[in-house]
Amino acid sequence: MSEHEEYLSQGESFEQEQNELTKRRLEELEELKKGNINPYTYSFEVSNYSSEILKSFKDDVPFENVAIAGRIMSLRRMGKASFCHVQDSRGRIQVYIRRDDLSEAYDQFKLMDIGDIVGVKGFVFRTKTGEVSIHAKHLELLSKSIRSLPIVKEKVDEQGNKVVYDPFADKELRYRQRYVDLVVNPEVRDVFVKRAKVVSSVRKFLDDKGYLEVETPILQPLYGGASARPFVTHHNALDIELYLRISDELYLKRLIVGGFEGVYEIGKDFRNEGMDKSHNPEFTMMELYVAYKDYDWMMSLVEELVHFVCVSVTGGSRVKVGENEIDFTPPWKRVTMLDSIREFTAEDLNGKSELELANAAKRLHVEVEPSMGAGKIIDAIFSERVEAKLIQPTFITDYPIEMSPLAKRHRSKQGLVERFELMCNGQELANAFSELNDPLDQRSRFEDQARLRARGDEEAMVIDEDFLRALEYGMPPTAGLGIGIDRLTMLLTNQESIRDVIFFPQMKPEKQ
RNA sequence: GGGGCUGUAGCUCAGUGGUUAGAGCAUCUGCCUUUUAAGCAGAGGGUCGCUGGUUCGAUCCCAGCCAGCCUCACCA
């Protein structure tokens, strides 16, 4: 049995359909080895990048001795000369290969395919038709591809628009084989480069303010800080259940108790809930806690932070998102939850009883259940009648106390807490409050949650005695903030699905 | 979980209750030393998502299942 037959017989790593194409590639691989060519080399001295060459080449100035490496993305063979495009991390450049310049290396070139990774040395020139290209003096196979890539072709039409033929567009394949998506769809790479810029600019902003980046446990004996169902796992040595964190909040506040005056964490949270275009089971959250500050102060910080990130990532203060243009120039509108409802529904819910609230909900065609308290009814009306209409960044402030067991009571408004959410493009982007630091109040709020849990609310918070103990030692007045990094990235890159800003979104397992 | 749409060649997609299921790209053979959606001539490639049913006959009709997308609900 030949080497490639043996490889193909090894079953599952090759689907049936790929066999013919792969078999051919494996034959080439053997031929290369027979010719003493290592198809998987160790290194190559790269001295140039495609985009830099294209940008800096001037026709009258000789540009010699360039060396690039990348993947062959197109191939036009014309007997004793050929053209191909080589794609590196910064773009693509055409390479001209002539038998006369390469002699026996041209025979190797005949065994190369689209998808192979090559190193090219040569000089830069402009072809008859005007494309800046590399005239190869040396061509070397660096890594052989034995699985054929989807072939996407492009043309620039008379109007100068890029036309794409046979796009690799199947969303399932794109998410499952993101490596292929990234190779073949250059705009996908751009989104993730911007995502990295979102994270680094958030970090820079907070570092420059003097806040300390910290890491707290992801595996937690108790979960808390949000209303959500957790993932459960098991630690063998201790023989205990552990939960994947649903938020960082309670640990970060312990650090404020410990004397840090500003701490933040950027990391993954995990929530065992449904998935849709704005929810992935694991997602990236930034949480910040600053001592001696309140939620009013935090609103100004959020304006400054998000504006800074927007400028860093996009170069400006305005972003096109779908049909809308969003302007992040501060200051942003600040409106209480009840006022926003009055503004969009003409219902004034201020000081209304539970029965009056239920009637208002009915008038607005918002479904309410008998079990819902005043706070939940207000929240339901807001979610259904207001939220989607908030396109420009808007702070919604002063939430009902029942929904916010970790937020401090409002200094002047009965039944409300000092909390705000930043709404933008009809979605929540940030959530913040004056943190509850009264241990007696915190304990009674936890107990309210425990009662909800006993009634079957699986998302109600569990009592965290160690957190209460920390508060009993005394926590300074503190402002806290959480920003969903994935959703911020969606906005700044104009992506409508969270799956398009996460490299490997959660998928059902692939069928065998 | 409800509703809608989709699944045909490696990729993008046509198509039909009836002989051997098509196109472009990709692949293979031949020609071609400035091409570019390269071209010209030829060739190979399919469990028509899976299972069952109706039928003389199913890729097509029906049912169930699987997977994906959209949407509603739930959920932050």
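Just so it is clear, the model here is predicted, and its values are computed rather than measured.

Engineer: How should I be thinking about the pattern of salt bridges in this particular structure?
Structural biologist: Where charged atoms of side chains with opposite charge meet at close range, the side chains can pair. Taken as a whole and judged by the stated rule, the model has 44 salt bridges. With a closest N to O distance of 3.2 Å, Arg254 and Asp464 form a salt bridge. Highlighted residues: Arg254 in helix 9 (residues 249-257) and Asp464 in the loop between helix 14 (439-454) and helix 15 (465-473), separated in sequence by 210 residues. Per residue, the accessibility class of Arg254 equals that of Asp464, and both read buried. Arg363 serves as the salt-bridge partner of Glu347, at 2.7 Å between the closest nitrogen and oxygen.

Engineer: Help me understand helix 15 in this model?
Structural biologist: Side chains that are three or four residues apart share a direction in an α-helix, a result of its 3.6 residues per turn. Those residues of helix 15 that sit buried are Phe467, Leu468, Ala470 and Leu471. Here the buried residues of helix 15 occupy an arc of 155° about the axis, which is enough to place them on one side. In helix 15, the exposed positions that point more than 90 degrees away from the buried face belong to Glu472 and Tyr473. Close packing links the buried residues of helix 15 with helix 9 and helix 14.

Engineer: Even after reading the chapter, I still don't get the domain arrangement of chain A, so can you show me in this structure?
Structural biologist: For interface size, the figure often reported is the accessible area lost on association. Splitting chain A by domain gives domain 1 (3-149) and domain 2 (188-218 + 246-332 + 392-501). Of note, the centres of domain 1 and domain 2, computed from C-alpha atoms alone, are 48 Å apart.

Engineer: Where do I start with the protein's contact with RNA strand B in this structure?
Structural biologist: By nearness alone, 50 residues border RNA strand B, and Thr129, Lys153, Arg271, Glu428 and Arg499 come closest of all. The share of sugar and phosphate among atoms of RNA strand B within 4 Å of the protein is 59%. Arg76 has a polar side-chain atom sitting 2.6 Å from a base oxygen of RNA strand B. Here Glu131 contributes a side-chain N or O atom positioned 2.6 Å from a base nitrogen of RNA strand B. Counting residues per element, the ones that place at least two in the surface near RNA strand B are helix 2 (19-34), strand 1 (63-78), strand 2 (81-88), strand 3 (91-98), strand 6 (153-156) and helix 6 (171-176). The greatest single-element share of the surface near RNA strand B, amounting to four residues, is contributed by helix 6. Residue classes in the surface near RNA strand B are distributed as 13 nonpolar, eight polar and 29 charged.

Engineer: I keep staring at empty space enclosed by the protein and nothing clicks. Help me out?
Structural biologist: Any empty space left between atoms is shown by rolling a water-sized probe over those atoms. In this structure the tally under the stated criterion is two cavities of 30 Å³ or more. As for the largest cavity, its lining consists of Met73, Arg92, Ile114, Pro150, Ile151, Val152 and Val184. When its volume is computed, the second largest cavity comes out at roughly 30 Å³. For the lining of the second largest cavity, the element with the most residues is helix 9, which contributes three residues. Classifying every residue of the lining of the second largest cavity gives four nonpolar, three polar and two charged.

Engineer: Mind showing me how you'd approach the sheet that holds strand 2 here?
Structural biologist: Two modes of strand pairing occur in sheets, parallel and antiparallel, and in both the strands are linked by backbone hydrogen bonds. As summarised here, the arrangement of the five strands in space is 1-2-3-5-4, forming a closed barrel in which the pairing is mixed. Looking at each pair of strands side by side, their axes are set apart by 55° on average, direction ignored. The sheet contact formed by strand 4 (residues 117-126) and strand 5 (residues 132-143) spans ten bridges and is antiparallel. Residue Arg126 lies in a different strand from strand 5, and its bridge partner there is Val132.

Engineer: Hey, could you run me through the packing of aromatic side chains in this one?
Structural biologist: What characterises a pair of aromatic rings is the spacing of the ring centres plus the angle enclosed by the ring planes. For the structure shown, the criterion picks out twelve aromatic pairs. Ring geometry for Phe192 and Phe503: centres 3.9 Å apart, planes at 10°, overall stacked. With Phe192 in helix 8 (residues 186-208) and Phe503 in the segment after helix 16 (485-493), this residue pair connects regions lying 311 residues apart in the sequence. The structure contains a cluster of three or more aromatic residues connected by ring pairs, namely Phe83, Tyr96, Phe123 and Phe125. The positively charged end of Arg254 is found above the aromatic ring belonging to Tyr251, 4.5 Å away from the centroid. Over the aromatic face of Tyr399 sits the side chain of Arg419, whose NZ or CZ is 4.7 Å from the ring centroid.

Engineer: When you look at unusual backbone geometry in this model, what are you seeing that I'm missing?
Structural biologist: What is expected of a backbone is that most residues other than glycine have negative phi and most peptide bonds are trans. Cis geometry is adopted by the peptide bond preceding Pro331, which originates at Pro330 and carries an omega value of 0°. Tracing the backbone shows Pro331 in the loop between strand 15 (324-327) and strand 16 (333-336). One non-glycine residue, Asn494, lies in positive phi territory at about 55°. Positionally, Asn494 belongs in the segment after helix 16.

Engineer: I tried to follow the nonpolar core on my own but got confused; where do I start?
Structural biologist: Among soluble globular proteins, nonpolar side chains are generally buried collectively. With 40 residues, the main nonpolar core has Met286, Leu288, Phe328 and Leu481 as its most contacted residues. Sort the elements by how many residues they give to this core and helix 10 (residues 295-314) lands first, with ten residues. Discounting residues that sit within four places of it in the chain, Leu288 has contacts with Leu206, Tyr211, Val263, Tyr264, Met298, Leu301, Ala479, Gly480 and Leu481. Among the nonpolar cores identified, the runner-up in size contains 39 residues, and Ala407, Met423, Phe467 and Met475 belong to it.

Engineer: Where do I start with the layout of surface pockets in this structure?
Structural biologist: Approximately 860 Å³ is the volume attributed to the second largest pocket. Lining the second largest pocket are 29 residues; nearest its centre among them are Met73, His85, Gln87, Arg92 and Glu154. Elements supplying a minimum of two residues to the lining of the second largest pocket: strand 1, strand 2, strand 3, strand 6, helix 7 (178-184) and helix 8. Among the elements that make up the lining of the second largest pocket, the one with the highest residue count is strand 1 (six residues).

Cut-offs applied
- Residues numbered from 1 in each chain as written.
- Chains lettered and ligands numbered in written order.
- Predicted model: local features only at pLDDT ≥ 70, side-chain atom pairs only at ≥ 80, totals over all residues.
- Heavy atoms only, no water.
- Salt bridge = Lys/Arg side-chain N within 4 Å of Asp/Glu carboxyl O.
- Helix = DSSP H or I, 4+ residues; strand = E, 2+ residues; numbered from the N terminus.
- Buried < 20%, exposed > 50% of the residue type's maximum accessible area, 1.4 Å probe, protein only.
- Arc of directions from axis to C-beta.
- Contact = heavy atoms within 4.5 Å.
- Domains from an automatic or database assignment.
- Near = heavy atom within 4 Å.
- Polar contact = N/O pair within 3.5 Å; in protein donor to acceptor, adjacent residues only side chain to side chain.
- Nonpolar A, V, L, I, M, F, W, Y, C, P; charged D, E, K, R; others polar.
- 1 Å grid on protein atoms, 1.4 Å probe; cavity = no way out; pocket = protein on both sides within 12 Å on 5 of 7 lines; lining within 4 Å.
- Points joined across faces, edges and corners; volume = space filled by probe spheres on them.
- Pairing = 2+ DSSP bridges.
- Axes fitted to C-alpha atoms, helices over the stretch in contact; angles between N-to-C directions.
- Phe/Tyr/Trp six-rings, centres within 6.5 Å; stacked < 30°, edge-to-face > 60°.
- Lys NZ or Arg CZ within 6 Å of the ring centre and 35° of its normal.
- Core = buried A, V, L, I, M, F, W, Y, C linked by side-chain atoms within 4.5 Å.

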